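# Tertiary structure, described
Below are the chains, spelled out letter by letter.
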Amino acid sequence: MSSVDGAPAFVDTSWNGIERIAAMTINLLGLDQEALRGFCAGLGEKPYRARQLLRWIHHAGVDDFSAMTDMSRPLRERLAKSAAIAAPRVLRDTTAADGTRKWLLDVGTGNAIETVFIPEVSRGTLCISSQAGCALACTFCSTGHQGFNRNLTVEEIIGQLWLASRALRSRAAHTGEVRTAQSAVRALRSHDVHAGEERTAQSAVACLGRGVSEERPISNVVMMGMGEPLANFENVVAAMRLMLDDSAYGLSRRRVTLSTAGLVPGIDRLGEACPVALAVSLHAPNDALRDELVPINRKYPIRQLLAACLRYLSKAPREFVTFEYVMLSGVNDSVGQARELAARVSEVPCKINLIPFNPFAGVEYVRSSPEAIARFRDVLMRAGLVATVRKTRGDDIAAACGQLAGRVQDRTRRASVRQQELSQ
Ligand code: SAH
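To keep things clear, this report deals only with the structure shown in the data block. Source: prediction; values computed, not measured. (Residues numbered from 1 in each chain as written. Predicted model: local features only at pLDDT ≥ 70, side-chain atom pairs only at ≥ 80, totals over all residues. Heavy atoms only, no water.)

Glancing now at the packing of helix α12 (residues 335-344) against helix α13 (residues 370-382). Two numbers describe how α12 lies on α13: the axes approach to 9 Å, and their chain directions differ by 35°. For the crossing formed where α12 meets α13, the hand is right-handed. Contacts from Val335, Gln337, Ala338, Arg339, Leu341 and Ala342 of α12 reach α13 at Arg375, Phe376, Val379 and Leu380. Considering only residue class, the contact of α12 with α13 consists of seven nonpolar, one polar and two charged. (Axes fitted to C-alpha atoms, helices over the stretch in contact; angles between N-to-C directions. Helix = DSSP H or I, 4+ residues; strand = E, 2+ residues; numbered from the N terminus. Left-handed = near helix turned anticlockwise from the far one by under 90°. Contact = heavy atoms within 4.5 Å. Nonpolar A, V, L, I, M, F, W, Y, C, P; charged D, E, K, R; others polar.)

Listed below in structure tokens is the structure:
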């Protein structure tokens, strides 16, 4: 299939859920500045057009070339003939009682992925998926239980941010949320808020927070949705470059976090290609237990993983790595394991984020009690570590950590093997 300077050209994109676009049309959504320059050169246009296009597509959220009013009409018509701006189709859009919002997106051939927006007082965080399913099979993760279908393309990854930015912006504009935020804050402070109004007030307050505005409701991105981002390295890095590009989303490297189950060579490559904030799913203080919970540990054991974290820190925009640790009752939450963990990570500048386990159908683990979690955190803190407990958000719509499932046509046959095991 021919393409302009390596940019993908689509003959029929119905296979990946992005609306069918005409033959030999290029989807500009997934092109970074360099690729767009190549596309513009192919049209005989100057390089600055690439920046213009980026601004229209990602700043303004435009998908219609006729709206690009600082370009001549003939150019807009040529663009409309040779290109399109197309994101995955929204299948479902749900908002939880706490304001967390989840989109289910069609990525074709029976697969659907999930994207979650988490509004907070001081920031708005978008949790993005990188794969349809996941091949790593961590035993406590719902996505892992579903098996794996394929890597997401750049436009499917950045398309999640594009769609969410548009949806949140139009919602803010429609409800006048930001304009009424000040009075919402006053109402909240005076506790003069009826139950039904509280949610609107909370999200209005969230918009007022640092880095969040009517224009930019999303201040942070975490690559913590479905999939293992480092297993889809090229596409994830290309999408993150768009997130960081001032002409696109202009997020700082410190506000883009990639979470990995511990693909050691990928961590090193990321340090070279696109250093952003790093989170590592540790979940166990020793290899025997981690081998069981996070099977990729058999390939890259804890010692190698911690060494990779140290190497990464010399390139990273933050001076620490975040270790995620899911709290599973009776499995990894004892005082002895907390001490072992503290000793194990003592060489690595880090923060430890304890995640109360979020249950899902067909899994036998139980969430640690609040007392067990507090005890575990106290042991870490007495050892001089920074430890926090992640607040569970959106669990009433299955949008919390580890609950994202979407719809995956498993190609690894893992899900069917599990089903057989369960029914025995
Ligand atoms: N594959 C990447 C990113 C996706 S998971 C990774 O492993 O880091 C994002 C975070 O949610 C990880 O820390 C993961 O371990 C955690 N998680 C997965 N299942 C969970 C569950 N059921 N409850 C709580 N956290 C979970």
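Right, let's get into the pattern of salt bridges. A side chain of one charge can pair with a side chain of the opposite charge if their charged atoms are brought near each other. Applying the stated criterion to the full structure yields 14 salt bridges. Here Glu114 makes a salt bridge to Lys102, at a shortest N to O gap of 3.1 Å. Of this pair, Glu114 sits in strand β6 (residues 112-119) while Lys102 sits in strand β5 (residues 101-106), and the two are 12 residues apart along the sequence. Residues joined in a network through salt bridges with shared partners are Glu45, Arg49 and Arg78. (Salt bridge = Lys/Arg side-chain N within 4 Å of Asp/Glu carboxyl O.)

Turning next to the site of the ligand. Surveying the vicinity of the ligand reveals 20 residues, the closest of which are Phe140, Ser259, Ser281, His283 and Asn358. Ser281 places a polar side-chain atom, nitrogen or oxygen, 2.6 Å from an oxygen atom of the ligand. Listed by contribution, the elements that provide at least two residues to the shell around the ligand are β11 (256-260), β13 (321-327) and β14 (350-356). Grouping the amino acids of the shell around the ligand by side-chain chemistry returns 10 nonpolar, eight polar and two charged. (Near = heavy atom within 4 Å. Polar contact = N/O pair within 3.5 Å; in protein donor to acceptor, adjacent residues only side chain to side chain.)

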